[in-house]
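Residue strings, one per chain:
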Amino acid sequence: MEFSLSEEQLAFMKSVYNFSKKEIEPLTTEAERKGEFSFEAWKKMADFGLMALPFPEKYGGSDAGVLTTLIGMESLARGGADGGTTLAWGAHTILCGVPIWLMGSDAQREKYLTKMITGEWIGGFGLTEPEAGSDAAGMKTTAVKKGDKYILNGSKMFITNGPVGHHFVVIAVTDKNAGHFGMSAFIVEKDFKGFSVGKELDKLGNRSSSTSELIFEDCEVPEENLLGPLGMGFVGVGKTTLEWERSCLLAAGLGGMEYAMDVSLKYAQERKQFGKPIAHFQAMKHKLADMKVSVEASKLILYRVAWLKEQNKNAMLEASHAKLLMSELGMRLAEEAVQIHGGYGYMKEYPVERGFRDCKLGTIGAGTSEVQRMVISKMLLNLKAKGGKK
Ligand SMILES: Cc1cc2nc3c(=O)[nH]c(=O)nc-3n(C[C@H](O)[C@H](O)[C@H](O)COP(=O)(O)OP(=O)(O)OC[C@H]3O[C@@H](n4cnc5c(N)ncnc54)[C@H](O)[C@@H]3O)c2cc1C
């Protein structure tokens, strides 16, 4: 078993961290306060090469692999980029870009990936609906073939990058009798007839990302914008994207935990009460020790998902383990970071308050904790029924 990163990966980690601290943190701290997406930070991230990471060189990408992409996200977040910034990156690069790369035609890759990599076009992903969240397969949005177009009707809820996006990978029902194989993926551009974006939604955290509903009213999508085979949208996107999504978005969560730990360690050594730095009190030492253990456990479970994926092994269950553990440890760590900072931790001037709000999305987005427990226990029970062997 090999646990070390290559020299090249360590150097990359350091350079993304330094870039994030110097160039991104000041911009996104301001954007988060205003509740606005920062186009300036977006452009800097694209120029630095962060949108290019997973994609083939042929389209302007870096062919970096899962682990290096993950490290990039971890370092961006550890350097101080907030949750909204990494969420917007994830919706664009992973949720929209990866399905186009892995399921798309060459023409679709050429048209969309090249402009997504330069940051010129922002992408998003529409699965969730107002009445279909955890039960995403219960979606109502339909796509009906008419001549050389598909006509989409329905809506998608809570879509990251909705208000700023140029195009979205959208899943819609094409055959209501075919269950999971009756849903197809489409690339829908913001200027297509019948497409509109709802008002921007105000959120608890991740406030530098923009979120809205997407609305389809007899929306005309050219047939060449069908992504992957007809009927394979739900299954195909799940297969191609889920492990990427879990590893890279969770990496942002890991970086957020490291950031909270870094600032708490510093604060605990600087802040004095009863004539001593608070880091000298056992209760504070224990909190810092628990933070470190949470970070190390999260790192191991997450890097293993990336390792499995790089070996071309299935990591679906392991990705669920990581999602559940990390989002819950992350929430606890964020709370302890505020506690260590005392009253100052409750103030907007200190970054742990933002981390505490950003972090809650971890147990909700992309499959809630309850859904993860459902998936894991289902697998366990099936395995036991087959003789209890793994
Ligand atoms: C900031 C933000 C950004 C998002 N970005 C996107 C995006 O870009 N694209 C996209 O498609 N979606 C996006 N989502 C949607 C997100 O994935 C959903 O919110 C999530 O899947 C939960 O669905 P829901 O909100 O409808 O909750 P519900 O499914 O209604 O769940 C409500 C509660 O019921 C519980 N529950 C539901 N079913 C069960 C069950 N069978 N057993 C036990 N408990 C259950 C849930 O765990 C939860 O606690 C985003 C959400 C947020 C908040």
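Residues numbered from 1 in each chain as written. Predicted model: local features only at pLDDT ≥ 70, side-chain atom pairs only at ≥ 80, totals over all residues. Heavy atoms only, no water.

## Some remarks on the overall build of the protein chain
Right, so step 1: A tally of regular secondary structure across the protein chain gives 11 helices and 10 strands.
Right, so step 2: For 390 residues, the compact-globule estimate of 2.2 N^0.38 gives 21 Å, and the protein chain sits close to it at 21 Å.
Right, so step 3: On the principal axes, the C-alpha backbone points of the protein chain span a range of 80 × 55 × 40 Å.
Right, so step 4: Counting the 390 residues in the protein chain, one finds 52% classified as buried.
Right, so step 5: Carbon and sulfur atoms provide 56% of the accessible area of the protein chain, an area that totals close to 18,400 Å². (Helix = DSSP H or I, 4+ residues; strand = E, 2+ residues; numbered from the N terminus. Rg over C-alpha atoms; globule rule 2.2 N^0.38 Å. Buried < 20%, exposed > 50% of the residue type's maximum accessible area, 1.4 Å probe, protein only. Areas by Shrake-Rupley, 256 points an atom, 1.4 Å probe, with all protein chains shown as cover.)

## As for the site of the ligand
Right, so step 1: Taken together, 18 residues lie near the ligand, and T128, S134, F158, T368 and E370 sit nearest.
Right, so step 2: Here T128 contributes a side-chain N or O atom positioned 2.7 Å from a nitrogen atom of the ligand.
Right, so step 3: Here an oxygen atom of the ligand sits 2.8 Å away from a polar atom, N or O, in the side chain of E370.
Right, so step 4: Across the complex, the protein chains shield 64% of the 970 Å² of accessible surface that the ligand would expose by itself.
Right, so step 5: Mapped onto the shell around the ligand, the elements with two or more residues apiece are β1 (123-126), β3 (149-160) and α11 (369-385).
Right, so step 6: No other element matches β3, which puts three residues into the shell around the ligand.
Right, so step 7: Of the residues contributing to the shell around the ligand, the split by class is eight nonpolar, eight polar and two charged.
Right, so step 8: In this structure, the shell around the ligand is formed jointly by two domains, domain 2 (124-234) and domain 3 (241-385), each of which donates at least three residues. (Near = heavy atom within 4 Å. Polar contact = N/O pair within 3.5 Å; in protein donor to acceptor, adjacent residues only side chain to side chain. Nonpolar A, V, L, I, M, F, W, Y, C, P; charged D, E, K, R; others polar. Domains from an automatic or database assignment.)

## Some details on the packing of aromatic side chains
Right, so step 1: Tallying each qualifying case throughout the model produces 12 aromatic pairs.
Right, so step 2: Ring geometry for F37 against W42: centres 5.5 Å apart, planes inclined by 50°, an arrangement best described as tilted.
Right, so step 3: Measuring from centroid to centroid gives 5.8 Å for F168 and F195, while their planes differ by 35°, and the two rings are tilted. Taken as a pair, F168 in strand β4 (residues 167-173) and F195 in strand β6 (residues 195-197) lie far apart in primary sequence, 27 residues in all. Summarising the burial analysis for this pair, F168 and F195 share the class buried.
Right, so step 4: Put simply, the rings of F37, F39 and W42 touch in pairs and so form one group of aromatic residues.
Right, so step 5: Of note, K115 hangs over the ring of W121, and the distance from its end group to the ring centre comes to 4.9 Å. (Phe/Tyr/Trp six-rings, centres within 6.5 Å; stacked < 30°, edge-to-face > 60°. Lys NZ or Arg CZ within 6 Å of the ring centre and 35° of its normal.)

## With respect to the packing of helix α6 (residues 233-270) against helix α8 (residues 316-340)
Right, so step 1: Interhelical geometry of α6 versus α8 gives an angle of 20° and a closest axis separation of 9 Å. Regarding the angle of α6 to α8, the classification is roughly parallel. Once α6 is placed against α8, the crossing between them reads as left-handed. Across from G238, K239, L242, E243, R246, L250, L254, M257, A260, S264, Y267 and A268 in α6, the residues of α8 making contact are M316, A319, S320, A322, K323, M326, L329, G330, L333, A337 and I340. (Axes fitted to C-alpha atoms, helices over the stretch in contact; angles between N-to-C directions. Parallel < 35°, antiparallel > 145°, perpendicular 65-115°, else oblique. Left-handed = near helix turned anticlockwise from the far one by under 90°. Contact = heavy atoms within 4.5 Å.)

## As for the domain arrangement of the protein chain
When the parts of a complex come together, some accessible area is lost, and that lost area is often taken as the interface size.
Right, so step 1: Taken domain by domain, the protein chain holds domain 1 (7-122), domain 2 (124-234) and domain 3 (241-385).
Right, so step 2: Each side of the interface is counted separately: domain 2 has five residues, and domain 3 has six residues.
Right, so step 3: Overall, the association of domain 2 and domain 3 removes approximately 430 Å² of surface from exposure, summing both partners, and the carbon and sulfur fraction of that is 53%.
Right, so step 4: Sorting the residues of domain 2 by area buried against domain 3 places S134, L204 and N206 first, and these three jointly supply 84% of that buried surface.
Right, so step 5: Linking domain 2 to domain 3 there are zero salt bridges.
Right, so step 6: The tally of links from domain 2 across to domain 3 stands at two residue pairs in polar contact (both at pLDDT 80 or more).
Right, so step 7: Residues of the side of domain 2 that touches domain 3, tallied by class, amount to one nonpolar, three polar and one charged. (Buried area = accessible area lost by both parts, 1.4 Å probe. Salt bridge = Lys/Arg side-chain N within 4 Å of Asp/Glu carboxyl O.)

## What to know about the pattern of salt bridges
Right, so step 1: Here the structure, examined in full by the defined rule, presents 23 salt bridges.
Right, so step 2: Of the charged contacts, one joins E328 and R373 as a salt bridge, the two residues approaching to 2.9 Å between their closest N and O atoms. With a gap of 45 residues between them, E328 in helix α8 and R373 in helix α11 connect regions that are remote in the sequence.
Right, so step 3: What you see here is one network of salt bridges that share partners, running through E32, K348, E353 and R357.

## Regarding the nonpolar core
Right, so step 1: Counting residues in hydrophobic clusters, the biggest one holds 83 residues, and the most contacted among them are M45, L50, L76, W89, I100, Y303 and I340.
Right, so step 2: The dominant element in this core, judged by the number of residues it contributes, is α6, at 11 residues.
Right, so step 3: If we skip the residues at most four places from it in the chain, M45 touches F19, I24, L50, M51, L76, T85 and W89.
Right, so step 4: Judged by nonpolar contacts, the second largest core, of 16 residues, contains L152, F195, C219 and L226. (Core = buried A, V, L, I, M, F, W, Y, C linked by side-chain atoms within 4.5 Å.)

## Structural notes on the pairing of strand β2 (residues 142-146)
Right, so step 1: Note: β2 against β3, five bridges, orientation antiparallel. If you follow V144 over to β3, its bridge partner there is I151. (Pairing = 2+ DSSP bridges.)

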